Amino acid sequence: MTVMIDRLAIIGVGLIGGSLARALREAGAVKSVVGIGRSRANLEDALSLGICDEISQDAVQGVRGADMVFISVPVCAIPSVVGEIAPALSPGCIVTDGGSVKAAIVRECEALMPPGCHFVGGHPIAGTEHSGAAASFATLYRGKRCILTPTERTDPAALELVARLWRLTGADVCSMEPGHHDRIFAEISHLPHAVAYALVHAVGMADVEGENVLSYTAGGFRDFTRIASSDPAMWRDIALMNREALLKSIDGFSASLAELRRRIDAGDGVGLSEFFTIAKQFRDGIL
Ligand code: NAP
């Protein structure tokens, strides 16, 4: 494999950034990787795990000479990180990200690019509920989708290079408009996380004659709520940044739950069977 990137800077060497670096190194697509972050301990983990060749707690210094910068910090921090590094970017540098919300990030980051540098928005549809460099692994993206969100301002060559890199990780790459991305992911990702957090919150607070009801949970509860163990800071940022679309999704869900409640309250067995059957058919249809 020919080297495609001489110097890749990863800002936020956690699950997403660390896994991208590992996959590209394994593919032989990058010559050197500099890992950038706030805490020394996580960066030292990244260095000792062979994710990076160098580490830096100074983003401005770290991105100097990079031909590509990948940003994988919580979404609300992405535009401010880009604003901070913009004056230090080398001519021709491509800046891309892995944030779970796209419209606001793409709009703000495109506007922050110095002349000759290019921003490409991205979102790999892969993850776990674990965080940090130590949670990353090279095969995370294999067989998963990666969505790129170009606009009319996106440089076609930069888009193509970012797409080729993601394909090297084993991901299936597709493109869509940033706002469309945010509406889809409000429904299929941000709403389920909100519901999982709300469910565990409610059950954790439930008082059944002083019993700790969580101690009785089994497979179903655990499967359904695994994602409520995800990093709260990451999900706070996603909820705030995709607020409008998420509120719409929560309203749709609330209406559905209210309808279910109504059928239970009315003792409407036929209505309940119909409700559960429709949901089961949708669920069974997911490949
Ligand atoms: P992570 O494992 O917690 O990694 C985030 C990294 O960013 C950490 O290494 C953290 O290190 C650094 N960081 C945190 N806040 C920062 C800030 N304000 N400024 C600079 N660095 C900061 O999280 P992740 O799961 O990789 O998620 C990273 C991004 O990927 C997020 O934008 C998320 O929306 C997106 N994403 C996540 C998933 C998923 O399932 N996890 C899937 C797709 C996309 P320090 O604290 O040491 O700085």
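Before reading on, note that the structure itself is shown above.
These numbers come from a predicted model, not from an experiment.

Visitor: Describe the sheet that holds strand β8 (residues 145–148), and please don't skip the residues or the numbers.
Guide: Spatial strand order, β7-β8-β9: three strands in an open sheet with mixed pairing. Lying at the two open borders of the sheet, with one neighbouring strand each, are β7 (122–125) and β9 (172–175). Going across the sheet, the axis of each strand differs from the next one's by a mean of 20°, ignoring polarity. Of the pairings in the sheet, the one linking β8 to β9 comprises four bridges and is parallel in character. Residue pairing for β9: Leu 148 is matched across the bridge by Ser 175.

Visitor: Lay out the packing of aromatic side chains with the relevant residues and their values.
Guide: Evaluation of the coordinates by the stated rule reveals three aromatic pairs. Centroid distance Phe 70 to Trp 166: 5.9 Å. Interplanar angle 70°. Geometry classified as edge-to-face. Here Phe 70 is found in strand β4 (residues 68–71), whereas its partner Trp 166 is found in helix α6 (residues 156–168), with 96 residues between them in sequence. Exposure class is identical for Phe 70 and Trp 166. Each is buried. Considering the side-chain rings of Phe 275 and Phe 276, the 6.2 Å spacing of their centres and the 90° angle between planes classify their relative orientation as edge-to-face. Clustering of aromatic rings is evident, with ring pairs tying together Phe 70, Tyr 141 and Trp 166.

Visitor: Let's hear about the nonpolar core: which residues, and what values?
Guide: Residues Ile 5, Leu 8, Val 13, Met 68, Tyr 141 and Trp 166 are the most contacted members of the largest nonpolar core, which totals 36 residues. Counting only elements with at least two residues in this core, the list comes to β1 (5–11), α1 (15–26), β2 (30–36), α2 (40–48), β4, β8 and α6. Broken down by element, the residue count for this core peaks at six residues, all from α6. Here Val 13 is in contact with Gly 18, Gly 35, Ile 36, Asn 42, Leu 43, Ala 46, Ile 51, Cys 52, Gly 132 and Ala 133, once residues within four sequence places are set aside. One finds Val 34, Ala 88, Ile 105 and Cys 117 within the second-largest nonpolar core, a separate group that totals 30 residues.

Visitor: Help me get a handle on the site of the ligand, residues and values and all.
Guide: Residues in contact with the ligand amount to 25 residues; listed here are only the nearest, Ile 16, Arg 38, Val 73, Ser 100 and Gly 132. One of the side-chain nitrogen or oxygen atoms of Arg 38 is found 2.8 Å away from an oxygen atom of the ligand. One of the backbone N or O atoms of Gly 132 is found 2.7 Å from an oxygen atom in the ligand. Protein chains shield 84% of the accessible area of the ligand, which is 890 Å² for the free molecule. Secondary structure elements with two or more residues in the shell around the ligand: α1, β7 and α9 (232–241). Taken together, the residues of the shell around the ligand break down into eleven nonpolar, 13 polar and one charged.

Visitor: Residues and numbers for the packing of helix α7 (residues 178–205) against helix α10 (residues 243–265), please.
Guide: Where α7 contacts α10, the two axes come as close as 9 Å, and the packing angle between them is 60°. Between α7 and α10, the interaxial angle falls into the category oblique. Considering only the axes of α7 and α10, their crossing is right-handed. Judged by residue contacts, Asp 182, Arg 183, Ala 186, Glu 187, His 190, Leu 191 and Val 195 of α7 engage Ala 245, Leu 246, Ser 249, Ile 250 and Phe 253 from α10. A breakdown of the residues in the contact of α7 with α10 according to their chemical character gives seven nonpolar, two polar and three charged.

Visitor: Residue-level account of the pairing of strand β5 (residues 94–97), with values.
Guide: Burial along β5 is two-sided: the residues Ile 94 and Thr 96 and Val 95 and Asp 97 are all buried. Handedness of the β-α-β unit built from β4, helix α4 (residues 78–85) and β5 comes out right-handed. With three bridges joining them, β5 and strand β6 (residues 118–120) adopt parallel strand pairing. The residue bridging Thr 96 from the neighbouring strand is Val 120, located in β6. Crossover handedness for the path β5 to helix α5 (residues 103–112) to β6: right-handed.

Visitor: A description of the environment of Ile 78 should follow, citing residues and the corresponding values.
Guide: Topologically, Ile 78 is positioned in helix α4. A relative accessible area of 0% places Ile 78 in the buried class. When the C-alpha positions of Ile 78 and Cys 109 are compared, they lie 8.2 Å apart, and in sequence the two are 31 residues distant. The contact partners of Ile 78, leaving out residues within four places of it in the chain, are Ile 71, Val 73, Asp 97, Gly 99, Ile 105 and Cys 109.

Criteria and thresholds
Each residue is numbered by its place in its chain's sequence as written, counting from 1. Totals for whole chains, interfaces and linings use all residues, but because this is a predicted model, local features are given only for residues with pLDDT of at least 70 and pairs of side-chain atoms are given and counted only at 80 or more. Calculation of side-chain values draws on the structure's entire complement of heavy atoms; hydrogens and water are dropped beforehand. Two strands pair if DSSP finds at least two bridges between them. Think of it this way: any DSSP run of H or I at least four residues long counts as a helix, any run of E at least two long counts as a strand, and we number them from the N terminus. Axis lines are fitted through C-alpha atoms, for helices just across the contact stretch, and the angle between N-to-C directions can take any value from 0 to 180 degrees. Any two rings among Phe, Tyr and Trp, with Trp reduced to its six-membered ring, count as a pair given centres within 6.5 Å; such a pair is stacked if its planes are under 30 degrees apart, edge-to-face if over 60, and tilted if neither. Buried residues are those whose accessible area, probed at 1.4 Å on protein chains only, stays under 20% of the maximum for their type, while exposed residues exceed 50% and partly exposed ones sit between those limits. Buried residues of nine kinds, namely Ala, Val, Leu, Ile, Met, Phe, Trp, Tyr and Cys, make up a nonpolar core once their side-chain atoms join them within 4.5 Å. Contacts are assigned to residue pairs that have any heavy atoms within 4.5 Å of one another. Near, as used in this document, describes a residue that has one of its heavy atoms within 4 Å of the molecule or strand being considered. Distance and chemistry together define a polar contact, namely a pair of N or O atoms within 3.5 Å, with one atom able to donate a hydrogen and the other to accept it when in protein, and with adjacent residues in sequence counting only for side-chain atoms on both sides. Every accessible area reported is derived by Shrake-Rupley at a probe size of 1.4 Å, with residue values counting cover from the shown protein chains alone. Classes in brief: Ala, Val, Leu, Ile, Met, Phe, Trp, Tyr, Cys and Pro nonpolar; Asp, Glu, Lys and Arg charged; the others, Gly included, polar. Relative orientations are named as follows: roughly parallel for angles under 35 degrees, roughly antiparallel for angles over 145 degrees, roughly perpendicular for angles from 65 to 115 degrees, and oblique for any other angle. Should the near helix be turned anticlockwise from the far one by less than a right angle, the crossing is termed left-handed; should it be turned clockwise, right-handed. Place the viewer so that the strands point away; then a crossover is right-handed whenever the path from the first strand over the helix to the second strand goes clockwise.

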